[in-house]
Every structure is written in C-alpha cells, then in structure tokens.
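Descriptive structure summary
Here is how the chains run, residue by residue.
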Amino acid sequence: MSGHGAAQPMTARRAGPLTGRADVPGDKSISHRALIFGAMAVGETRITGLLEGQDVLDTAKAMRAFGAEVVQHGPGAWSVHGVGVGGFSEPADVIDCGNSGTGARLIMGCMATHAMTATFTGDASLRKRPMGRVTDPLSLFGAQAYGRKGGRLPMTLVGAANPVPVRYATPVASAQVKSAVLLAGLNAPGQTVVIEREATRDHSERMLLGFGAELTVEKTAEGNVITLTGQPELRPQTVAVPRDPSSAAFPVCAALVVEGSDVFVPGVSQNLTRNGLYITLVEMGADIAFENPREEGGEPVADLRVRFGPMKGIEVPPERAPSMIDEYPILSVVAAFAEGVTVMRGVKELRVKESDRIDAMARGLEACGVRIEEDEDTLTVHGMGPGGVPGGATCKTHIDHRIAMSFLILGMAAKAPVSVDDASPIATSFPIFEGLMRSLGADLG
Ligand SMILES: O=C(O)C1=C[C@@H](OP(=O)(O)O)[C@@H](O)[C@H](O)C1
Ligand SMILES: C=C(OP(=O)(O)O)C(=O)O
C-alpha cells in the first residue's frame, strides 16, 4: 500500500527582495491527460515539457500497468505507445495513484468501460478523499465499485463488459468528474453527454479534439453540454505541455508580498478556465504586467512581470471558484498582507482536496497571528498590510503540497520565520520549488 516517506520540515525567513526569472514546470492537469490520452491512441504520442512531479509519474506507471509503453527520453521528453481505445489489458497488481486525485479519478474513468477488474489505492491523503463522485456516474455505464465506507480507496472497480453511453449532469463543479465520464464514454458505443452547470478546466475537451475524437461543446441555459461520440480511433499527437499556472501562482504571489521584489514569470496560462487567481490579484491592485500574449501548446499564455506593492482586500465571487480552485491557499496568504478584508465565498470544494484546505489555512494563519473567520463554504482573512504578519509558527501541511508552499511563502514576508512540519509533498506538483525560490533570493531551508 502507498506510504508517505519521512517528514521533511522546512523553514522560510524574510530576506532581501525576490528578483529574477521563474521558469515553472509543466501543467499537472495537461501532463496527466497527455499520458492517458496517449495510452488510448493508436501509435506513438510524443510529449515535451511533461511535469515530472510524483503525481504524474504515478499516472505514467499506471498507464504501463494497463499495457501502454511509456518511456522517458530526457528531461520532460516522453513518449507513449498507446494501445487504442478499448485496448487496455488488466493490470496484474494494485494501481497506486499516490497523492493524486486527478490520477485516481481519470484512470478509474478510462478503465470503467473495459471488461476487467482493477484495484486502486493511494497515500493516506488520497485514501480520505471521496470517490463516489466518479463511481456514481461510472456505474451508469455498467461498472461496479467496491470501496471502503464513504466511497474511499482502496477500491476495486469491475469494468462494464457491455458499456452503455451515459447522459450525466455533474452535481459538483469538477473537471475530474467531467473527465472521468468522458474517458469512460470513449469506450462506450454511441454518444456520451456531460452537462456542467459551471465551466471547469477544459483540458480534456481540448485534448480529445486534438487526438481526433468527435466532440462538441454547446453553451446552453443548463450550462456546457459536452457530447462525445464513443469508440473513435484516437490519433497519436505531439503534445507540448505549457507551464502550470497553479505552480506559477507561488513565485507570483511571493513577489507580490516580499518587499522590493521584481520577478519575471514567463508563459503563464491565460486559459479562462484557469486564470481566476490572476483576475483576483489585479482586482486587489497587484502590480502585474501581462506581456507578449500568445499561444503555447494550444493554450493562451502571457509573460508576467510582477512587482511588490500595496494591495487591498476584496470579495472573491463564488462563480470564480472553478477557475482558481487550487489557488485559494496562496490567495489567503496574499490576503494576509493586503489592507482590509478578503472574503472568499463558494469554496467548500477545498474541504475535499489533499487536505481540508480551509481548515489547514485557517489554523496556520491563526498560528501566524492573522485573524480569520470560516464557515463551511467561506474563508475570510483580515489583512495586516505589507510586511504586517507576525509569523513565528510551525504550520501543519497534512500531506498537502499547496498548503506547504503557501506557508513557506508566508514565511518569506512575515516578521518572524515560518516553518512547515513537512515539505515533502511539494514534490507531487512542483519538484523544483525550493531551488527555484532560492534562485530568486528566498531564504529557505
Ligand atoms: O482535472 C484536473 O486536472 C483537476 C481538477 C481540479 O479538481 P476537481 O475536479 O476535484 O475540482 C483540481 O483541483 C485538480 O488539481 C486538477
Ligand atoms: C487538488 C489537487 O490535485 P489532485 O486533486 O489531483 O490531487 C491540487 O493539485 O491542488
């Protein structure tokens, strides 16, 4: 069963300004999908810029277990020799998705319409997360799930031998649920339809089109209606993975709160389903220039020049949540250094991520001397102004990379050092975080 290695405590101290260039790694969502769609295509998909974080490496291993040939040729350069839609073979062992909700849910989706049985597990964080949100729709295709109480991993999924196509309205705004249904629909005859009331990240739709699937997206009063025609032959692709805007958020927000900073972050996605944080920061008065807008790897991107400066608290509207769902922890750190109050509404999905992120941020911010209020669906942070946060605490990260990185950034700008009990989960999404932040001038160790 998946474990979690020895805890690695880490401390961040206030130092001089952060300056220089921050080249962040490839997008995690697109990296998972490049491996999975590559495995379901006929022939060889070539990938550059793949995120080599543990979450994605676990998906690569899983695709091998289902019969695809996945090879690393150099840093970020990978190939996947796919077996075609419907061509998976039954894995001989348990599929361990480590810390990754995306890996677990998407892979369950693609195996659910294959006549085979697979057992999924993950680390102590992933084993707490709800899987019923994917196994409910997957059972409509004819799959059967046998998990722990509450639909938790470890879980055995018996795929449908004669899958039927499905029409499914997602009850939560979740790209993972949407993608699991679309992936299952790939090996069901006829048209599978997913309806999502609120738009979530659209990488699966973009990539399915790129791999040659027949897919339409219709904007209606009900929301986005996505229709996929099953059993296509997917064509292998060359995928250039753009940089991850969720990782870019950390050096960007560090530059905004560490006095005197001036940092250049190239190639940050401006995809409307991913850029909610950047819109919010601009509304708070952040000094960010969006330079050289262009397309990279099929995504709209811009280079960001970010400078320290005063910011004000704002109300973040709940409808923005899907486009910045992973960015609330670091936004709450920026809010602590703004003037006035920041209210983040519609954020209850944060409670079922790698940790309960509302609780983790609330407890750590309080320990660092910041006043907060929380309810099930809202986090309110009372800003203390530039440099105003006392710090001086050790924050618990609960096997959650984004919580670890957020409190380390807090420590870079707080009056007293801030420690995290365990920085090791950072390697799931941003393995070069420590070195990159140090290269900008951060005192981290
Ligand atoms: O589809 C994806 O790649 C992701 C979707 C989001 O999860 P939900 O679908 O649970 O909102 C996000 O939090 C996660 O980091 C990546
Ligand atoms: C929620 C996240 O990832 P996942 O759901 O894939 O574990 C994240 O990276 O913040």
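What counts as what
Residues numbered from 1 in each chain as written. Chains lettered and ligands numbered in written order. Predicted model: local features only at pLDDT ≥ 70, side-chain atom pairs only at ≥ 80, totals over all residues. Helix = DSSP H or I, 4+ residues; strand = E, 2+ residues; numbered from the N terminus. Rg over C-alpha atoms; globule rule 2.2 N^0.38 Å. Buried ≥ 20, exposed ≤ 12 C-beta atoms within 10 Å, placed from the backbone. Contact = placed C-beta atoms within 7 Å. Near = placed C-beta within 6 Å. Domains from an automatic or database assignment. Pairing = 2+ DSSP bridges. Arc of directions from axis to C-beta. Nonpolar A, V, L, I, M, F, W, Y, C, P; charged D, E, K, R; others polar. Axes fitted to C-alpha atoms, helices over the stretch in contact; angles between N-to-C directions. Parallel < 35°, antiparallel > 145°, perpendicular 65-115°, else oblique. UniProt positions renumbered as here; feature names shortened; annotations may be inferred. Core = buried A, V, L, I, M, F, W, Y, C linked by C-beta atoms within 7 Å. Expected span 1.5 Å × (residues − 1). Right-handed = clockwise from strand over helix to strand, strands pointing away.

**Here we look at the overall build of the chain**
Counting secondary structure elements, the chain contains 12 helices and 24 strands. For the chain, whose C-alpha radius of gyration is 21 Å, the value lies close to the compact-globule estimate of 22 Å for 445 residues. Referenced to the eigenvectors of the C-alpha coordinate spread, the extents of the chain come out at roughly 60 × 45 × 45 Å. Buried positions account for 54% of the 445 residues belonging to the chain. The contacts of the chain with a sequence gap of at least 6 include a subset with a gap of at least 24, amounting to 76%.

**Here we look at the site of ligand 2**
As a matter of local geometry, ligand 2 sits amid S100, G101, T102, D326, K353, E354, R402 and S429. Inspection of the shell around ligand 2 shows a minimum of three residues originating in each of domain 1 (10-26 + 242-444) and domain 2 (28-240).

**Describing the sheet that holds strand β7 (residues 117-121)**
The pairing of strands in a sheet comes from backbone hydrogen bonds and takes either a parallel or an antiparallel form. Taking strand neighbours across the sheet as the criterion, the four strands line up as β6-β7-β9-β8 in an open arrangement whose pairing is mixed. With partners counted over all chains shown, the strands left at the sheet margins are β6 (95-96) and β8 (144-148), one partner each. Relative to β7, β6 is paired through two bridges, and the arrangement is parallel. Residue pairing for β7: D96 is matched across the bridge by T121.

**A look at helix α4 (residues 132-140)**
Every buried residue of α4 is accounted for by V134, T135, P137 and L138. Summarising the axial view, the buried residues of α4 lie within an arc of 165 degrees, below the 170-degree limit, and thus occupy one face. Contacts made by the buried residues of α4 are with α3 (101-111), β8, β10 (167-169) and α5 (175-186). A positive backbone phi angle near 115 degrees is found at G142, which sits one or two residues after α4.

**What about the site of ligand 1?**
Taken together, S29, G101, T102, S174, A175, Q176, S179, R201, I325, D326 and E349 make up the full set of residues adjacent to ligand 1. If you list the elements that add at least two residues to the shell around ligand 1, you get α3 and α5. Considering every element that reaches the shell around ligand 1, the biggest residue donor is α5, with three residues. By residue class, the composition of the shell around ligand 1 is two nonpolar, six polar and three charged. Residue assignment places the shell around ligand 1 across two domains, with domain 1 (10-26 + 242-444) and domain 2 (28-240) each supplying three or more.

**Here's the deal with the packing of helix α1 (residues 28-39) against helix α2 (residues 54-65)**
Put simply, α1 and α2 touch, their axes get as near as 9 Å, and they point 5 degrees apart. Taken together, the axis directions place α1 and α2 in an arrangement best described as roughly parallel. Residue-level contacts link K28, S31, H32, L35, I36 and A39 of α1 to D55, V56, T59, A60 and M63 of α2. Its residues assigned to classes, the contact of α1 with α2 comprises six nonpolar, three polar and two charged.

**Looking at the UniProt feature "domain: Enolpyruvate transferase" (unreviewed entry) in the chain**
In this numbering, the UniProt entry assigns the feature "domain: Enolpyruvate transferase" (unreviewed entry) to residues 15-435. Helix and strand shares over residues 15-435 are 29% and 27% respectively, and the end C-alpha atoms of the span are 15 Å apart.

**Topic: the nonpolar core**
Membership of the largest hydrophobic core comes to 79 residues, with the highest contact counts inside it found for C253, L256, V334 and I409. Filtering out sequence-adjacent residues up to four positions away, I409 remains in contact with F250, C253, A254, V257, I330 and V333. With 65 residues, the next largest nonpolar core counts I30, I47, V134 and F211 among its residues.

**What about the sheet that holds β10?**
Ordered in space as β10-β11-β13-β12, the four strands form an open sheet in which the pairing is mixed. The open sheet is flanked by β10 and β12 (215-220), the only strands paired with a single partner. The mean angle between the axes of side-by-side strands here comes to 15 degrees, regardless of whether they run parallel or antiparallel. Looking at chain direction, strand β11 (residues 191-196) and strand β13 (residues 223-229) are connected through six bridges and run antiparallel. Bridge pairing in β13 links T192 to L228. Each of β10, β11 and β13 touches α5; the most contacted strand, β11, lies at about 175 degrees to it.

**Some thoughts on helix α11 (residues 401-413)**
Helix length check: α11, at 13 residues, gives a terminal C-alpha distance of 19 Å against a target of 18 Å (1.5 Å per residue), a fit within 8%. By the criterion of burial, α11 is predominantly enclosed, with 13 of the 13 residues buried.

**Points about the UniProt feature "binding site: phosphoenolpyruvate" (unreviewed entry) in the chain**
Here, the residues flagged by UniProt with the feature "binding site: phosphoenolpyruvate" (unreviewed entry) are K28, G101, R129, Q176, R357 and R402. Mapped onto the elements of the fold, K28 is located in helix α1. Filtering out sequence-adjacent residues up to four positions away, K28 remains in contact with L51, G53, D55, V56, D244 and S429. Residue placement: Q176 occurs in helix α5. With 24 C-beta atoms counted inside 10 Å, the residue Q176 sits in the buried group. Setting aside anything within four residues of it in sequence, one finds Q176 in contact with G101, T102, R105 and L106.

**Topic: unusual backbone geometry**
For the bond from L153 to P154, the omega torsion is -5 degrees, close enough to zero to count as cis. With respect to the secondary-structure elements, P154 resides in strand β9 (residues 152-158). Although it is not a glycine, H398 sits at a positive phi angle of roughly 55 degrees. Inspection of the secondary structure assignment puts H398 in the loop between β22 (394-395) and α11. With 22 C-beta atoms packed within 10 Å, H398 lands in the buried category.

**Concerning the pairing of β7**
Of the two faces of β7, only one is covered, namely that formed by A118 and F120; the face formed by T117, T119 and T121 stays uncovered. Chirality of the crossover, the property in question, places the unit of β6, α3 and β7 among those that are right-handed. When β7 meets β9, the two strands line up antiparallel, connected through four bridges. Each residue of the ladder has a partner; that of T117, found in β9, is V158.

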